[in-house]
Amino acid sequence: MAVISCSGSVLVMRVAVVVYDGVFDSGLTAILDVLDNANALGGQIPEPPTWNVTMVGAASQVRTGAGLVVAPEPLEAAEAADLLVVPGRAGSDPAALIDHVGGQASLPVRNLITRTRQRGTKIASACAGSFFLAETGILNGVSATTTWWLSPAFRSRYPKVHLDHSQMVITNDGITTAGAAFGHVDLALAIVRASSPALSDLVARYLVVDDRPSQAAYTIPSALAQSDPTVAAFERWTREHLAEPFSLLDAAKAIGVGERTLQRCVQRTIGTSPIRFVQDLRVERAAHLMRTTELSLETISRKVGYEHPNTLRVLLRERTGKTTAALRSR
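Residues numbered from 1 in each chain as written. Predicted model: local features only at pLDDT ≥ 70, side-chain atom pairs only at ≥ 80, totals over all residues. Heavy atoms only, no water.

### Let's talk about unusual backbone geometry
Backbone geometry at Glu-47 places phi at a positive 45°, although glycine is not the residue there. Using a relative accessible area of 47% as the deciding quantity, one classes Glu-47 as partly exposed. Backbone geometry places Asp-173, a non-glycine residue, at a positive phi of 55°. Inspection of the secondary structure puts Asp-173 in the loop between β11 (169–172) and β12 (175–178). (Buried < 20%, exposed > 50% of the residue type's maximum accessible area, 1.4 Å probe, protein only. Helix = DSSP H or I, 4+ residues; strand = E, 2+ residues; numbered from the N terminus.)

Below is the structure:
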């Protein structure tokens, strides 16, 4: 069990990090490095928490996605952990990922996740690692996130999960999930922050990591749209009519489907409404023009379908987290 101080804060937490063939190297090492730095820097704050980290795996040797060999402890060593961490898997093929997480090779990891959840032990994962958690069913009815570009595949396979791919880190009912690839850093900092916000801030400053509460600024709408032919056609039509007032009826007629069919396809694939998807495309185009041209905000607004520049200004700040001046400076 974790060691608790008189004030109720966690002083020592035992962490088991699952490794398996094909594990994402940077994700694994990001977790190890952040927690190691937290231990090293803890002396700079009073009553610092510490993390005893053990890598566990189903085999005596595991080969990472980049070919490195790791020698973990047996999976049984995770039974005494206070936190189980499942890093993401390397690769960019959603179908291959789903085959792996649902296949026989990952059964020991899935069984470990199920047992850990049944004990009430906390679980954390990032990027494609969220698929392992979802495959066991422990995310059903729970809010979670994953890497934004895998979200269509995730929604299709796990419709009972409340997926929000715009968020970088979500903690719900003892389960923490984080976003794409280097979201492992955000996950590890969230683990530290749960015991000591001051130490988390200190580690972030030493590692020069900015606060990234959202994945929205990194999301590429067209990449999400390609997962469904109807949504892909809608995306192409919208880009061709970006400067015009949006009409769901006109869009549906143009691509040969009904309005309700279009709404269902966009919601199922991207997890949002058609109008919000259109806003995302407009913000993407506007941000590009802000960074690459000297056009005024008024001109850019008209080019992306907004009569009033302030409407675009608010959307840019909301979706990118940056002011128009900050976008210009880039």
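Anyway, onward from the coordinates.
### What to know about the packing of helix α9 (residues 229–240) against helix α10 (residues 248–255)
Between α9 and α10, whose axes approach to 10 Å, the crossing angle comes to 120°. Of the two possible hands of crossing, α9 and α10 adopt the one that is right-handed. For the pair formed by α9 and α10, the contact residues are Thr-230, Ala-233, Phe-234 and Trp-237 on the first element and Asp-250, Ala-251, Ala-254 and Ile-255 on the second. (Axes fitted to C-alpha atoms, helices over the stretch in contact; angles between N-to-C directions. Left-handed = near helix turned anticlockwise from the far one by under 90°. Contact = heavy atoms within 4.5 Å.)

### Structural notes on helix α11 (residues 259–270)
For α11, which comprises 12 residues, the first-to-last C-alpha distance of 16 Å matches the rise-based estimate of 16 Å (1.5 Å per residue) to within 8%. For α11, every residue scored as buried is listed here: Leu-262, Cys-265, Val-266, Thr-269 and Ile-270. Looking straight down α11, one finds that the buried residues subtend no more than 95° of arc, so they occupy a single side. Of the surrounding elements, those touching the buried residues of α11 are α5 (151–157), α8 (221–225), α9, α10 and α12 (274–292). One or two steps after α11, the chain reaches Gly-271, where phi turns positive at roughly 80°. (Expected span 1.5 Å × (residues − 1). Arc of directions from axis to C-beta.)

### Regarding the nonpolar core
Burial of nonpolar side chains together is a common tendency in soluble globular proteins. Counting residues in hydrophobic clusters, the biggest one holds 63 residues, and the most contacted among them are Trp-51, Leu-84, Val-85, Ile-113, Leu-133, Leu-139 and Leu-199. Counting residues per element, this core draws most heavily on helix α1 (residues 25–41), at seven residues. Excluding its chain neighbours within four sequence positions, the residues that come into contact with Ile-113 are Leu-84, Val-86, Ile-123, Phe-132, Leu-133, Thr-136 and Ile-138. (Core = buried A, V, L, I, M, F, W, Y, C linked by side-chain atoms within 4.5 Å.)

### A word on the packing of α10 against α11
In a pair of packed helices, the angle between the axes and the distance between the axes together describe the arrangement. The N-to-C vectors of α10 and α11 enclose an angle of 90°; their axes lie 9 Å apart at closest approach. Judged by the inter-axis angle, α10 sits roughly perpendicular to α11. Judged by residue contacts, Leu-248, Leu-249, Ala-251, Ala-252 and Ile-255 of α10 engage Glu-259, Leu-262 and Gln-263 from α11. Here the contact of α10 with α11 is built from residues that sort into six nonpolar, one polar and one charged. (Parallel < 35°, antiparallel > 145°, perpendicular 65-115°, else oblique. Nonpolar A, V, L, I, M, F, W, Y, C, P; charged D, E, K, R; others polar.)

### Regarding the pattern of salt bridges
Counted under the stated rule, the structure contains 12 salt bridges. The partner of Asp-186 in a salt bridge is Arg-212, with the nearest N and O atoms 2.4 Å apart. Within this pair, whereas Asp-186 is found in helix α6 (residues 183–195), its partner Arg-212 is found in the loop between α7 (197–207) and α8, the two being separated by 26 residues in sequence. Its relative accessible area of 8% is what places Asp-186 among the buried residues. Beyond isolated ion pairs, a larger network of salt bridges with shared partners links Arg-276, Asp-280, Glu-318 and Arg-319. (Salt bridge = Lys/Arg side-chain N within 4 Å of Asp/Glu carboxyl O.)

### Some remarks on α9
Given a rise of 1.5 Å per residue, 12 residues ought to cover 16 Å, and the 17 Å separating the end C-alpha atoms of α9 matches this to within 8%. Every buried residue of α9 is listed here: Thr-230, Val-231, Ala-232, Ala-233, Phe-234, Glu-235, Trp-237 and Thr-238. Contacts from the buried residues of α9 go to α8, α10, α11 and α12. The distance from a side-chain oxygen at the start of α9 to the backbone nitrogen of Thr-230 is 2.9 Å, and the residue carrying that oxygen is Asp-228. (Polar contact = N/O pair within 3.5 Å; in protein donor to acceptor, adjacent residues only side chain to side chain.)

### Remarks on the packing of aromatic side chains
If you walk through the whole model with that rule in mind, you get seven aromatic pairs. Ring plane angle 70° and centroid distance 6.4 Å describe the contact between Phe-24 and Phe-182, whose orientation is recorded as edge-to-face. On the criterion of sequence distance, the pair formed by Phe-24 in the loop between β2 (10–18) and α1 and Phe-182 in the loop between β12 and α6 is long-range, its members being 158 residues apart. On the basis of an interplanar angle of 40° and a centroid distance of 6.0 Å, the ring pair of Phe-234 and Phe-277 is categorised as tilted. In this pair, Phe-234 is assigned in helix α9 and Phe-277 in helix α12, connecting sequence segments 43 residues apart. What makes Phe-277 buried here is its relative accessible area of 1%. Through a chain of ring-to-ring contacts, the aromatic side chains of Phe-131, Phe-154 and Tyr-158 assemble into a single cluster. Positioned above the aromatic ring of Tyr-306 is the side chain of Arg-282, whose terminal nitrogen or guanidinium carbon lies 5.0 Å from the ring centre. (Phe/Tyr/Trp six-rings, centres within 6.5 Å; stacked < 30°, edge-to-face > 60°. Lys NZ or Arg CZ within 6 Å of the ring centre and 35° of its normal.)

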